[in-house]
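Listed below are the residues making up each chain.
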Amino acid sequence: VRAAHVHVPVAVPDVLLLASPAPSPAPPKEQRGPRSHPNALAPTGKPPAAAPTGTLAIYCTPWCVPFVDERQRGEDGRQHLLVVRAGSHRVSARRLDDDQSRTVEVRPGEARRVEFTFE
C-alpha cells in the first residue's frame with residue numbers, strides 16, 4: 001500500500017521585517033571653547049611654544065642605570081645625556097643593590113651635571 005502524498009500550499013513571506021525602535025540621536029556635544037591640540041596653530045598663527053627644557057648630564061663611576069622622577073631613562077653606562085622639562089627633578093642612579101638619589105633644579109636651556117660614585 002502506498003501512502004498518498006498531499007501537497008498543501010503555504011504562503012511564506014520572502015522577507016520578515018522586525019520592528020525595532022529608532023535609535024535616539026546622540027546628545028549634542030558640549031562646546032568648551034577652542035580645542036588645543038599639540039600640533040594645532042595658536043591664535044597668532046604661530047605654532048604653540050614647546051615646554052622649556054634643559055639637559056641633565058649624569059656621570060656614574062663605575063656605571064649606573066639612570067632614573068628621573070622614578071622612571072628609568074637609559075641602560076647601564078657611565079655617561080647619560082637626558083633632555084628634561086625645566087623644573088625640579090628627582091635624579092637617581094642605581095647599580096646592583098645600591099641606589100643614590102638627589103633633587104636637581106634644571107632651568108630652561110641649562111645643562112646640569114650630576115655625578116654619582118659607587119664603591
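Look above for the structure.
Residues numbered from 1 in each chain as written. Predicted model: local features only at pLDDT ≥ 70, side-chain atom pairs only at ≥ 80, totals over all residues. Heavy atoms only, no water.

Caption draft 1: Local environment of the pairing of strand β5 (residues 98–106). Direction of pairing for strand β4 (residues 87–95) relative to β5: antiparallel, over a ladder of nine bridges. Paired with Ser-92 across the strands is Ser-101, a residue of β5. What sits between the antiparallel neighbours β4 and β5 is a turn of two residues, in which Leu-96 has the positive phi angle 55 degrees. (Pairing = 2+ DSSP bridges. Helix = DSSP H or I, 4+ residues; strand = E, 2+ residues; numbered from the N terminus.)

Caption draft 2: Region of interest: the pattern of salt bridges. One pass over the full model with this rule turns up four salt bridges. Ionic pairing is found between Arg-94 and Asp-99, a salt bridge with its closest N-O pair at 3.4 Å. With relative accessibility at 26%, the residue Arg-94 sits in the partly exposed group. For Arg-113, the salt bridge goes to Glu-115, with nearest N and O atoms at 2.7 Å. (Salt bridge = Lys/Arg side-chain N within 4 Å of Asp/Glu carboxyl O. Buried < 20%, exposed > 50% of the residue type's maximum accessible area, 1.4 Å probe, protein only.)

Caption draft 3: Representation of the environment of Arg-94 in the model. You can see Arg-94 is positioned in strand β4. Discounting chain neighbours no more than four positions away, the residues touching Arg-94 are Trp-63, Cys-64, Val-65, Phe-67, Glu-70, Asp-99 and Phe-118. A polar contact of 3.4 Å, which involves the side chain of Arg-94, links it to the side chain of Asp-99. (Contact = heavy atoms within 4.5 Å. Polar contact = N/O pair within 3.5 Å; in protein donor to acceptor, adjacent residues only side chain to side chain.)

Caption draft 4: The nonpolar core, seen in detail. Formed by 14 residues in total, the largest nonpolar core has its most connected members in Leu-56, Ile-58, Val-91 and Phe-116. Counting residues per element, the ones that place at least two in this core are β1 (53–68), β3 (77–85), β4, β5 and β6 (111–117). Broken down by element, the residue count for this core peaks at five residues, all from β1. What Ile-58 contacts, discounting residues up to four positions off in sequence, is Pro-66, Arg-78, Gln-79, His-80, Leu-82, Val-91, Val-114 and Phe-116. (Core = buried A, V, L, I, M, F, W, Y, C linked by side-chain atoms within 4.5 Å.)

Caption draft 5: Layout of the state of the cysteines. This structure, assessed with the given rule, holds one disulfide. One disulfide in the model links Cys-60 with Cys-64; its S-S distance is 1.9 Å. Here the S-S torsion is close to 45 degrees, and the disulfide linking Cys-60 with Cys-64 is therefore right-handed. Each member of the pair, Cys-60 together with Cys-64, is buried. (Disulfide = S-S within 2.5 Å.)

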